[in-house]
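Here are the chains, one letter per residue:
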There are 2 protein chains.
Amino acid sequence: MDRRQRKTRNAIFTAFSALLSKKTYTSITVQDIIDEADIGRSTFYAHFETKDELLKALCTDIFEHVFSEEVMSEEHHDFSHHSSFRDKVTHILYHLKEKQQDIRGLFSGECGEVFLRYLKEYLYRVFDEHITAEDNIPHDYALDIAVSCFSETIRWWLKGQNGYTPEQMAGYYFDSIKIL
Amino acid sequence: MDRRQRKTRNAIFTAFSALLSKKTYTSITVQDIIDEADIGRSTFYAHFETKDELLKALCTDIFEHVFSEEVMSEEHHDFSHHSSFRDKVTHILYHLKEKQQDIRGLFSGECGEVFLRYLKEYLYRVFDEHITAEDNIPHDYALDIAVSCFSETIRWWLKGQNGYTPEQMAGYYFDSIKIL
DNA sequence: TTTATATAGAACATAATGTTCGTTATCGTA
DNA sequence: TACGATAACGAACATTATGTTCTATATAAA
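Rules behind the numbers
Residues numbered from 1 in each chain as written. Chains lettered and ligands numbered in written order. Predicted model: local features only at pLDDT ≥ 70, side-chain atom pairs only at ≥ 80, totals over all residues. Heavy atoms only, no water. Least-squares fit on C-alpha atoms with pLDDT ≥ 70 in both. Contact = heavy atoms within 4.5 Å. Buried area = accessible area lost by both parts, 1.4 Å probe. Salt bridge = Lys/Arg side-chain N within 4 Å of Asp/Glu carboxyl O. Polar contact = N/O pair within 3.5 Å; in protein donor to acceptor, adjacent residues only side chain to side chain. Helix = DSSP H or I, 4+ residues; strand = E, 2+ residues; numbered from the N terminus. Nonpolar A, V, L, I, M, F, W, Y, C, P; charged D, E, K, R; others polar.

Colleague: Would you mind going over the relation of the copies chain B and chain A with me for this structure?
Modeller: Both copies of the chain are related by a screw-like operation: a rotation about an axis and a shift along it. Expressed as a screw operation, the relation of chain B to chain A combines 0.0 Å of axial shift with a rotation of 180 degrees, fitting to an RMSD of 0.1 Å. In symmetry terms, the pair is related by a two-fold rotation axis. A share of 100% of the interface residues of chain B reappears at the interface of chain A, consistent with the copies meeting face to face through the same patch.

Structure follows, in structure tokens:
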């Protein structure tokens, strides 16, 4: 990828993230992004067909980090092997904490729908093997519940003052759901 | 309220619901609603300032029924007294089933965000007194989990072929969550 | 019947989207 | 470092949807 393209793409992402922390998704116009990123109009459309595409690209960008195996900070190194499901969950929470600035704006408002759908797509893949068949309860229902409870846990965590550690949140999560 | 107003308002609601089952919220234009409802342009704006206001009004309309005490069908008469929390939940599920045609379109797509926020507002009020303090788990977190798991239960239920009864769904719900 | 008001519908202003194209700047490479 | 490719610029334009205004007409309530 051309250095100019990388630079522009990055400028758009940064501008978009900054705007999302100031105003709501629908109220942000392409013009706003162009002004904030300080790029030409046609340049924006050369990169993204629509504002929605940009949102999706930003989500993909974030999730590629959040669900990566790599270890960023020192402190959560212990959970990176994630032998157990609980360790895996904790590992994801550490990654989310690192990206919390970018994520906060995405959770609320109208783009929450898109963001959540993407988040859940990833979570379905990760959680699937860990949800074991329960008596009477349909498997896909149990998976739905496990996934949406976890995304709700993330939302609650990031929305607050964030005085809780990833380990604590994993604890709350596992203490709330019977089916885990 | 003038009979003409009632008629128009109803035509708009019906048209909007019909459109929602065909296409997505953002792709629906005011013009689409006007055409479908067969009303004049200025008439629409006399009733609703924006498409979002219409969506909110429709949600309010539906929830006023869903969370009402009244009993519609015969079969769920037994749950209308809702002495226990479980009975109350079952009662709500019966009401949701009656409105399922209107609700399906609202759950998916971009208006899902708005619909869910409204749904959860009601659920918070209903559930609050039934979520008792647990050891270690913050009360508002427990409430969040209870509410979002229930709305996910509803989503899962209405999305499927709906071969499950309200009683069964209440059962699944209570069997999934520890904190109830 | 009368009075009030809701609706129809055309015309208009506004605002955002998305495209086009000639020019300029920057990149990767020979 | 010079050259060819291509990305960015930015003005101009077409298109589309929004929301407003106004007058004539139809319908409701009394």
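Colleague: What should I look at first to understand the interface of chain B and chain A in this one?
Modeller: One frequent convention defines the size of an interface as the accessible area lost when the parts assemble. Of the residues lining the interface, 29 residues belong to chain B; the matching set on chain A comes to 29 residues. Across the chain B/chain A interface, buried area totals approximately 2,500 Å², and carbon plus sulfur atoms make up 54% of it. Across the chain B-chain A interface, the total number found is four salt bridges. One salt bridge connects lysine 159 of chain A with aspartate 144 of chain B, and the closest N-O pair in it is separated by 3.4 Å. Inspection of the chain B/chain A interface yields 12 residue pairs in polar contact (both at pLDDT 80 or more). Only helix 7 (112–127), helix 8 (139–159) and helix 9 (166–176) of chain B provide two or more residues apiece to the side of chain B that touches chain A. Broken down by element, the residue count for the side of chain B that touches chain A peaks at 11 residues, all from helix 8 of chain B. Looking at the side of chain B that touches chain A, its residues break down into 13 nonpolar, six polar and 10 charged.

It is worth stressing that arrangement in space is one thing and function is another; only the former is reported here.
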